[in-house]
Amino acid sequence: MKIEKSTFEKHLRFFDTDQVIFRENEEGNEMFIIVEGQVEIRKATGPSSNKTLTVLHKGDMFGEMAIIEKMPRSATAVAVLPTRLLVLNEKLYESTMTSNPDFARKMNKVLSERIRRADSIIQNIMTTNRQNQLWAGLVEFAKESGVVTFKGNRVSITEFTSWAVAHLGMNDKDIQAIIAQFLKRGVVTYSARGKEEILVEPKEGKTLPEL
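On a predicted model such as this, the values are computed, not experimentally measured, just so you know.

Visitor: Requested: an account of the confidence of the model for the protein, with residues and values cited.
Guide: A low pLDDT score tells you not to read the predicted coordinates there in detail. Looking at the protein, the pLDDT average stands at 84 and 86% of residues meet or exceed 70. The weakest mean pLDDT in the protein belongs to helix α1 (residues 5-10) at 66; the strongest belongs to strand β2 (residues 20-22) at 96.

Okay, structure coming up:
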């Protein structure tokens with residue numbers, strides 16, 4: 001990706017180790033390209049704690065959504081080594097997108113990767129939520145309708161599936177797939193009667209037990 005030398009030098013900025021480039025929830029009108037150094041993107045998890053979402057290196061871009069969406073910063077960026085950044089404001093970003101095909105292609109790739117990563121995160125959250133929802137329903141059904149044994153409550157898969165369709169609003173295909181995951185993880189096991197029944201320990205809680 002080529003940028004004119006005069007433009008490059010004019011918009012180059014240096015950040016020392018541990019210097020904050022921008023903070024979460026701040027208004028922003030610039031994006032950044034790492035020329036040298038390393039940057040961490042951090043998300044607040046509490047009043048005095050944070051989680052590192054990603055570590056960026058030479059050639060990586062960040063902060064572009066403040067220009068594209070004109071929204072406050074969604075995370076904090078910190079230089080973790082002496083770092084030089086090429087800083088693009090909205091005007092420079094738009095002119096570079098128009099005049100520099102390499103830059104435009106890289107931006108499209110960056111945005112595509114971020115959309116794909118966001119979709120993956122959303123899908124994981126949705127899957128986890130469905131699993132927890134079904135687990136809570138299974139525990140409830142096992143206590144109310146299961147047959148108590150010393151190894152756990154025996155539950156008919158067919159009967160539970162019918163109950164879950166009616167009470168949880170899930171389709172039988174998804175229910176069967178999630179039960180298969182429970183069996184694979186060892187959260188539940190088949191009863192001695194075969195694969196028509198599973199054994200469920202009637203524990204309280206809406207979230208899956210950690211194994």
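Still more ground to cover, so stick around.
Visitor: Quick rundown of the packing of aromatic side chains? Include the residues and the values.
Guide: All told, the structure shown has seven aromatic pairs when counted by the stated rule. Here phenylalanine 22 and phenylalanine 62 contribute two aromatic rings whose centre-to-centre distance is 6.0 Å and whose plane-to-plane angle is 40°, an arrangement assigned as tilted. In this pair, phenylalanine 22 is assigned in strand β2 and phenylalanine 62 in strand β6 (residues 61-62), connecting sequence segments 40 residues apart. For the pair phenylalanine 22 and phenylalanine 62, one class covers both residues: buried. Consider the rings of phenylalanine 160 and tryptophan 163, whose centres lie 5.9 Å apart with planes at 25°: the pair is stacked. Of this pair, phenylalanine 160 and tryptophan 163 both sit in helix α5 (residues 157-168), three residues apart, which is roughly one turn of that helix. Here the aromatic residues Phe22, Phe32 and Phe62 are joined through ring pairs into a cluster of three or more.

Visitor: So what's going on with the layout of surface pockets? Which residues, and what values?
Guide: For the largest pocket, the calculated volume is near 1,000 Å³. In this structure, the largest pocket is lined by 30 residues; those nearest its centre are Glu64, Met65, Ser74, Arg114 and Arg117. Counting residues per element, the lining of the largest pocket draws most heavily on helix α4 (residues 101-145), which supplies 10 residues. Partitioning the lining of the largest pocket into residue classes produces 16 nonpolar, four polar and 10 charged. Approximately 170 Å³ is the volume attributed to the second largest pocket. Along its surface, the second largest pocket is lined by 13 residues, and Arg23, Ala44, Ser49, Asn50 and Thr76 are the ones closest to its centre. Contributing elements (two or more residues each) for the lining of the second largest pocket: β4 (39-46), β5 (49-56) and β7 (76-79). Among the elements that take part in the lining of the second largest pocket, β4 stands out by supplying four residues, more than any other.

Visitor: Lay out the pattern of salt bridges with the relevant residues and their values.
Guide: Per the stated rule, a full pass over the model turns up six salt bridges. Note that glutamate 36 and arginine 84 form a salt bridge whose closest N and O atoms lie 3.2 Å from each other. Here the residue glutamate 36 occupies a position in strand β3 (residues 30-36), and arginine 84 occupies one in strand β8 (residues 83-89), the gap between them amounting to 48 residues. Residue class for glutamate 36 comes out partly exposed when judged on its relative accessible area of 43%.

Visitor: Now, about the nonpolar core: what can you tell me, with residues and values included?
Guide: Across soluble globular proteins, you tend to see nonpolar side chains buried next to one another. Of all hydrophobic cores here, the largest spans 22 residues; its most connected members are Leu134, Leu138, Phe160, Val188 and Ile198. Listed by contribution, the elements that provide at least two residues to this core are α4, α5, α6 (172-185) and β12 (194-200). Setting aside anything within four residues of it in sequence, one finds leucine 134 in contact with Phe160, Ala164, Leu168, Met170, Ile175, Ile178, Ile179 and Phe182. Ile21, Ile34, Phe62 and Val87 belong to the second-largest nonpolar core, a separate cluster that totals 14 residues.

Conventions used here
Every chain is numbered independently, its residues counted from 1 as its sequence is written. Totals for whole chains, interfaces and linings use all residues, but because this is a predicted model, local features are given only for residues with pLDDT of at least 70 and pairs of side-chain atoms are given and counted only at 80 or more. Hydrogens are left out, water is left out, and the side-chain values use all remaining heavy atoms of the structure. A score from 0 to 100, pLDDT tells how confident the predictor is in each residue. Every helix listed is a DSSP run of H or I at least four residues long, and every strand listed is a run of E at least two residues long, numbered separately from the N terminus. Paired rings are identified among Phe, Tyr and Trp, the last through its six-membered ring, by centres lying within 6.5 Å, and are further divided according to the angle between planes into stacked (under 30 degrees), edge-to-face (over 60) and tilted (the rest). Each residue is placed in one exposure class: buried if its accessible area under a 1.4 Å probe, protein chains only, is under 20% of its type's maximum, exposed if it is over 50%, and partly exposed if it falls in between. A 1.4 Å probe that fits but cannot get out identifies a cavity on a 1 Å grid over protein atoms alone, an open set with protein on both sides within 12 Å along at least five of seven lines counts as a pocket, and a residue lines either if it has an atom within 4 Å of a point. Grid points are joined across faces, edges and corners, and a volume is the space filled by probe spheres set on the points. Three residue categories are used. Nonpolar comprises Ala, Val, Leu, Ile, Met, Phe, Trp, Tyr, Cys and Pro, charged comprises Asp, Glu, Lys and Arg, and polar comprises the others, including Gly. The salt bridge criterion pairs a side-chain nitrogen of Lys or Arg with a carboxyl oxygen of Asp or Glu, the two atoms within 4 Å. Remark: nonpolar core denotes a set of buried residues (Ala, Val, Leu, Ile, Met, Phe, Trp, Tyr, Cys) joined through side-chain atoms within 4.5 Å. Pairs of residues are marked as contacts when any of their non-hydrogen atoms sit within 4.5 Å.

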